[in-house]
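So the chains spell out like this:
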Amino acid sequence: MVTPPDDLLELLPLALSRPREAVARARGLLARRPGPYVACVARHVLGIVLRDSGELGPAIRELRRARHLARAAASREREADVLATLGTALVRAGRTSAGLAALDSARRQAQGLLSARIRTRRGIALVHLGRHDEALEDLRAALAMLRAAGDTVWEARALTWRGMVHLALGRTDLANRDLLRAERAFGEAGQEFETATAVHNRGLIAFRSGDLPAALRHLDDAGRRYELLGMHWPDLALDRCGVLLAAGLPLEALREADASIRHIRDSRGEILKKAELLLAAAEAALSAADPQTARQRSDAALRLFRAQHRSWQSAHARFVGLQARSATGAASPRLLHTAAAVAAALDDLASPEASHAHLFAGRLAMALGRTTDASGHLETAARSRRRGPPVSRAGGWLAEALRAEATGDRRRMLLACGRGLDLVDEHRLTLGASELRALATRHGTELVALAQRHVLARGQPRQLLRWSERWRATALAIPVPGRSTPRDGHAADLAALRAVAAQIVENQAERRPTATLERERRRLERAVRARLLQTPSDGAGGVGRLDVAALLRELGSAQLVQLVTVDGRLHALLVGDGRVCHYPAGSLDDATREVEFARAALQRLSYGAPVQRARAAVEVLEATGRRLQQVLLGPAAGRLHAAEVVVVPPSTLQAVPWSVLPALRATAVTVAPSSTMWLRARSAPPPPTREVAVVVGPGLATAGGEVAGLADLYESVSLLGAGTATAARVLAALDGVWLAHVAAHGCFRRDSPLFSSLQLDDGPLTVYDFEHLRRAPYWLVLSSCESGLSAPVGADELLGLAATLALLGTVGIVASLVQVNDAATVPLMHALHKRIRDGARLPEALRDARAENGDDPVSLATAFSFLVLGGG
């Protein structure tokens, strides 16, 4: 028997603690041309590090050389140890049979403690293959032997992977117990790499427990630790995909999966993980409404899983592929048969996805009129409403609602819809970032649609209003947590982003390169957004229910029009005169198209087209206004008689220039994201003093001419401009002020609406900056281009500058929907402020200013481009 030298005893553990140091020491040993035993250990270390870095081809070659050296050293123990590592590498390379055969051979050859360690590795390989029952058997047997021997590091490894099995089977409490014990042991033993994996696993526990911000924090922390150790860990990309998908960010999840797949392809890394990443990419594509890509990726994953004899993963890939095929074609008996088989397979595997598969099969059966089959599948799916994270239970209540609908039980169906939405509310209240809260509403879309469809068919307009409000702009009803105490580094990142953006503008003006700066801007944007997505919830807030009686009282002589979309058709709910009346309108597709026509006509007119073309554009705008009125309001347009009208459109119609509608030309119009928000804003008291803040940004064609004379209109005015309009000073000036007017170029970012900005003297002031105001301005006038735009997200939510300010407490905002003519804006703004000074609220002030602004095409287009958002 060969006795290992003392300096070798710590080299193998070092490979899983500080891999770079282990590689350097192993190569140093090999450079001295040692005997076969020492060379075997060095090659073994290189094989471990290469395997864990995803370089499986080189890893397998090193491990085979190590095995030959072990034989040359006549060390059966060394050979068994190397053979077990080789087995795990072969399994991860997709060579399942050869890998398991190597592990079985190593276990037969080993004795005592080494046998327990090899059994642990075999259990880990079986976890990768989805053979959870066999894995648990190996890991439990190994744990008993490792504890008896006092081998704490290997015991921690076995606990880690037993915890991973519990997670896969939905046993979060058991997983948490095992993984926390493992993390403590790794930390005490100084195992840096395995401590990083423990942090990674904490992210998984948070994810499965429904705490997405904590999951993102832990996974990012683990990523930084892996990077410092020089490791590319595909499991991190896989788990980030899952969290991003749950957070409602499927395109980002798809990019994450694709980047890791490319890394594996370029480095000839582990095929085992490539298959899992292909499945993750398929799930992301399906969620992003790209069924063709989802089908391609799931089919590719399924081929690899079958070649690797991985039944667990194969069943999941079949389910994703089945959903992708269903999204591109009608229900059929064959599709239902396959769906039932997949659901049964997932049941046998005890997969948490089994309930989703039964829900899918139940829907197919309902579409085919097979009520008995549908009831069976939906009953099985509905069992998940009693256990698991809130979103999973909400899916169970959806199944219950569909089951009740199939049997005609109206009361039970509406109750199930309400219970499901309560759970989605519970989930959203665990999220700190307003973006995640808005995106999370998509989980309740089908529940609301079921209820709306039912109350519409029964002719219950008040109920339709209530259900519409149940899921409209609800993210704006929850305060932003901790906005006065941003996370560490957040303010610094925003300041750096501002400086880089300002430098880009300067370089562009002087025709200097900007590529490096653009890369830095993208990096900083990712850092800012990642920090905000990880914001923990403070548990505050909650979504109130609309009090229709209170809404009618507050309206008084005014009227409110709430537009509701049901199955692609618009319905106008006219609220006022003590009643809620329903009027059918046009299709959402037609309305969307007409809105784009109207915006394009306003854009053409804003910049002074030649007389003939301007006249034609005015005629187009007039005709578009009439068509818009018909498709948006239908017969409700003829019932509008109030001097003040509040319009509550769905988020997809937030860019409508309402004043081009003939019925609203002479009306004071307020556009609110929801009736509940309008009602809340109306009750907000104004500040005790009437302080006014005026901000003039750089580069305006009129040099901020619309603010000239404001000091004569108001008693207390602070003016920032000509170099003093910096982000810090502007935020301080806006904080809690009664009225603010910001004349600055604006940029609406459709790709990332919370990076929409106003250009100040030291760079862009983004929506993220505004989120850290202690008190929002009571009224705000934004004369910049497109400052009133927000992006529709989630079920019926908005993200953007105006939406965020409404969330922060701004009662009324005057803003534009298109790029406006700076010169034509000046007289409109002067007239607006005179009316505000005389005591008018924003809707009346804008209506009167529009009437005074002249009827030439440019003035007309400019006046039509502005609207009042919020509570007015």
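Residues numbered from 1 in each chain as written. Predicted model: local features only at pLDDT ≥ 70, side-chain atom pairs only at ≥ 80, totals over all residues. Heavy atoms only, no water.

Overview of the packing of helix H30 (residues 588-606) against helix H39 (residues 857-865)
The condition that has to hold: Working convention: axes come from line fits to C-alpha atoms, limited for helices to the stretch in contact. Angles between N-to-C directions cover 0 to 180 degrees. By definition, any uninterrupted DSSP run of H or I lasting at least four residues is a helix, any uninterrupted run of E lasting at least two residues is a strand, and each is numbered from the N terminus. To sort the angles, those under 35 degrees are grouped as roughly parallel, those over 145 as roughly antiparallel, those from 65 to 115 as roughly perpendicular, and the leftovers as oblique. Helix crossings get a hand from a simple test, with the near helix turned counterclockwise from the far one by less than a right angle marking a left-handed crossing and a clockwise turn marking a right-handed one. Pairs of residues are marked as contacts when any of their non-hydrogen atoms sit within 4.5 Å. When residues are grouped by polarity, Ala, Val, Leu, Ile, Met, Phe, Trp, Tyr, Cys and Pro land in nonpolar, Asp, Glu, Lys and Arg in charged, and all others, Gly among them, in polar.
Relative orientation of the contacting elements H30 and H39 amounts to 135 degrees, with a least axis distance of 8 Å. Taken together, the axis directions place H30 and H39 in an arrangement best described as oblique. Relative to H39, the crossing made by H30 is left-handed. Between H30 and H39, the residues in contact are Leu 602, Leu 605 and Ser 606 and Pro 857, Val 858, Ala 861, Phe 864 and Ser 865, respectively. Class assignment for the residues of the contact of H30 with H39 results in 6 nonpolar, 2 polar and no charged.

Structural notes on the nonpolar core
Selection rule: Think of a nonpolar core as a cluster: buried Ala, Val, Leu, Ile, Met, Phe, Trp, Tyr and Cys residues, connected wherever their side-chain atoms sit within 4.5 Å. The buried label applies to any residue whose accessible area, calculated with a 1.4 Å probe on protein chains only, is under 20% of its type's maximum; exposed applies above 50%, and partly exposed to all values in between.
Counting 154 residues, the largest nonpolar core has Leu 628, Leu 632, Leu 633, Trp 658 and Phe 770 as the members making the most contacts within it. When residues in this core are grouped by element, the largest group, 9 residues, is from helix H4 (residues 36-52). Excluding residues that lie within four positions of it along the chain, Leu 628 makes contacts with Ala 591, Glu 594, Val 595, Ala 598, Leu 633, Val 656, Val 660 and Leu 661. Counting residues in each nonpolar core, the second largest holds 54 residues, with Ala 89, Leu 139, Val 153 and Ala 168 among its members.

Quick look at the sheet that holds strand E3 (residues 579-587)
Using the following cut-off: Between any two strands, pairing holds if DSSP finds at least two bridges.
With mixed pairing, 11 strands are arranged side by side in an open sheet as E3-E2-E1-E4-E5-E16-E15-E12-E8-E6-E7. On the outer flanks of this sheet lie E3 and strand E7 (716-720), each paired with one strand and no other. Taking the axes of each pair of neighbouring strands and ignoring which way they run, one obtains an average angle of 20 degrees across the sheet. Relative to strand E2 (residues 569-576), strand E1 (residues 559-566) runs antiparallel, the two sharing 7 bridges. Paired with Gln 562 across the strands is Leu 573, a residue of E2.

Details of helix H36 (residues 801-808)
Most of H36 is tucked away: 8 of the 8 residues are buried. Along H36, the positions that sit buried rather than exposed are Leu 801, Ala 802, Ala 803, Thr 804, Leu 805, Ala 806, Leu 807 and Leu 808. Where H36 terminates, the next one or two residues include Gly 809, which has phi positive at roughly 120 degrees.

Some details on the packing of helix H14 (residues 234-246) against helix H16 (residues 271-287)
The N-to-C vectors of H14 and H16 enclose an angle of 15 degrees; their axes lie 10 Å apart at closest approach. Considering their axes alone, H14 and H16 lie roughly parallel with respect to each other. Every pair of crossing elements has a handedness; the one defined by H14 and H16 is left-handed. Here Pro 234, Asp 235, Ala 237, Leu 238, Cys 241 and Leu 245 of H14 come into contact with H16, specifically with Lys 273, Glu 276, Leu 277, Ala 280, Glu 283, Ala 284 and Ser 287. A breakdown of the residues in the contact of H14 with H16 according to their chemical character gives 8 nonpolar, 1 polar and 4 charged.

Details of the packing of aromatic side chains
Filter applied, for reference: What counts as a ring pair is set by centres within 6.5 Å for rings of Phe, Tyr and Trp (its six-membered ring), and what kind of pair is set by the plane angle: stacked under 30 degrees, edge-to-face over 60, tilted for all other angles.
Enumeration according to the criterion identifies 8 aromatic pairs in this entry. Judged by centre distance (5.9 Å) and plane angle (50 degrees), the rings of Phe 193 and Tyr 226 are tilted. Placement of Phe 193 in helix H12 (residues 192-208) and of Tyr 226 in helix H13 (residues 212-228) is noted, with a sequence separation of 33 residues between them. For Phe 193, a relative accessible area of 3% translates into the label buried. What makes Tyr 226 buried here is its relative accessible area of 2%. Taken together, a centroid distance of 6.0 Å and an interplanar angle of 75 degrees make the contact between Phe 319 and Phe 360 edge-to-face. In this pair, Phe 319 sits in helix H18 (residues 311-327) while Phe 360 sits in helix H20 (residues 354-367), placing the two residues 41 residues apart along the sequence. We note that Phe 319, like Phe 360, is buried. Members of the aromatic cluster, each reached through a chain of ring pairs, are Tyr 714, Trp 738, Tyr 778 and Trp 779.

Focus on the pairing of E1
Within E1, 7 of the 8 residues are buried, leaving the element largely enclosed by the surrounding structure. Pairing of E1 with strand E4 (residues 644-648) involves 4 bridges; the strand directions are parallel. Along E4, the bridge assignment pairs Gln 562 with Val 648.

These figures come from the coordinates and say nothing about function on their own.
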